[in-house]
Amino acid sequence: MKIITDTSALLSLAAGDILDLALESIDCIIPLRVKEEVKGISLNNTFEGNLAKKVLSYINQEIEVIETNHSSNEGEVECAYLANQIKEAELVITDDTKALEKLEKMCDTKIRFSTIVLYALCLQGKITKDRARTVLERMRVKRDWKDNIIFEQAILLLDTIK
């Protein structure tokens, strides 16, 4: 599966300690702006900065960087441009709930939250439903999601797995 991922989703997967396994199972592409955002965040000596450092270690190796035909100051917008440019991408992954509607209007590719990766890993038999719930809880706590739509939607999706 080929996906385009923004900064927020990469940080969430890193926070859940599932990024390495996810990258073994999917082809991850990011626009140049996302790489620059991750680099900028990695300069901070914070929890999020440490997540960004982890993500950086995968960029240009397991995570492919492609320049878009149009540039933007927002990584999410460049993800939409990239989705329009690379037709074989199946999904755009973001955890930026505020950008969701804008992205859906900008490209025909389906927009999903990072937690769809947990669901896919379960379906592929790479992780159990229990492990997915543990990872989801870790993501919720470390990303300070509380009871937001990302967490709630992920619970509903995981509950569909037998």
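Report follows, based on the coordinates. What you see is a predicted model, and the numbers here were worked out from it, not measured in a lab. (Residues numbered from 1 in each chain as written. Predicted model: local features only at pLDDT ≥ 70, side-chain atom pairs only at ≥ 80, totals over all residues. Heavy atoms only, no water.)

### Examining the overall build of the chain
Stage number 1. When you go through the chain residue by residue, the secondary structure sums to nine helices and five strands.
Stage number 2. Seen in sequence order, the chain has helices and strands lined up from the N terminus as β-α-α-β-α-α-β-α-β-α-β-α-α-α.
Stage number 3. Here the C-alpha atoms of the chain give a radius of gyration of 15 Å, agreeing with the 15 Å that 2.2 N^0.38 yields for 162 residues.
Stage number 4. In terms of overall dimensions, the chain has C-alpha extents of about 40 × 35 × 30 Å along its principal axes.
Stage number 5. A buried classification covers 50% of the 162 residues belonging to the chain.
Stage number 6. Mean positive and mean negative side-chain charge positions of the chain (22 and 27 charges, respectively) differ by 3 Å. (Helix = DSSP H or I, 4+ residues; strand = E, 2+ residues; numbered from the N terminus. Rg over C-alpha atoms; globule rule 2.2 N^0.38 Å. Buried < 20%, exposed > 50% of the residue type's maximum accessible area, 1.4 Å probe, protein only. Lys, Arg positive; Asp, Glu negative; His and termini not counted. Charge placed at Lys NZ, Arg CZ, Asp CG, Glu CD.)

### Considerations on the packing of aromatic side chains
Stage number 1. According to the stated counting rule, one finds zero aromatic pairs in the structure shown.
Stage number 2. Above the ring of F151, the side-chain terminus of R140 is found at 5.3 Å from the ring centroid. (Phe/Tyr/Trp six-rings, centres within 6.5 Å; stacked < 30°, edge-to-face > 60°. Lys NZ or Arg CZ within 6 Å of the ring centre and 35° of its normal.)

### Considering helix 7 (residues 116-123)
Stage number 1. Of all eight residues in helix 7, six are buried; the element is thus mostly enclosed.
Stage number 2. Along helix 7, the positions that sit buried rather than exposed are I116, V117, L118, A120, L121 and C122.
Stage number 3. Of the surrounding elements, those touching the buried residues of helix 7 are helix 1 (7-15), helix 2 (19-25), strand 4 (91-93), strand 5 (110-112), helix 8 (129-142) and helix 9 (149-158).
Stage number 4. Remark: G125 follows helix 7 within two positions and exhibits a positive phi of approximately 75°. (Contact = heavy atoms within 4.5 Å.)

### Here's the deal with the packing of helix 3 (residues 32-42) against helix 4 (residues 47-56)
Stage number 1. Contact geometry of helix 3 with helix 4 gives a least axis separation of 7 Å together with a crossing angle of 135°. Accordingly, the angle class assigned to the pair helix 3 and helix 4 is oblique. Remark: the crossing between helix 3 and helix 4 carries left-handed chirality. Contacts between helix 3 and helix 4 involve V38, K39, I41 and S42 from the first element and E48, G49, A52, K53, V55 and L56 from the second.
Stage number 2. Residue composition of the contact of helix 3 with helix 4, by class: five nonpolar, two polar and three charged. (Axes fitted to C-alpha atoms, helices over the stretch in contact; angles between N-to-C directions. Parallel < 35°, antiparallel > 145°, perpendicular 65-115°, else oblique. Left-handed = near helix turned anticlockwise from the far one by under 90°. Nonpolar A, V, L, I, M, F, W, Y, C, P; charged D, E, K, R; others polar.)

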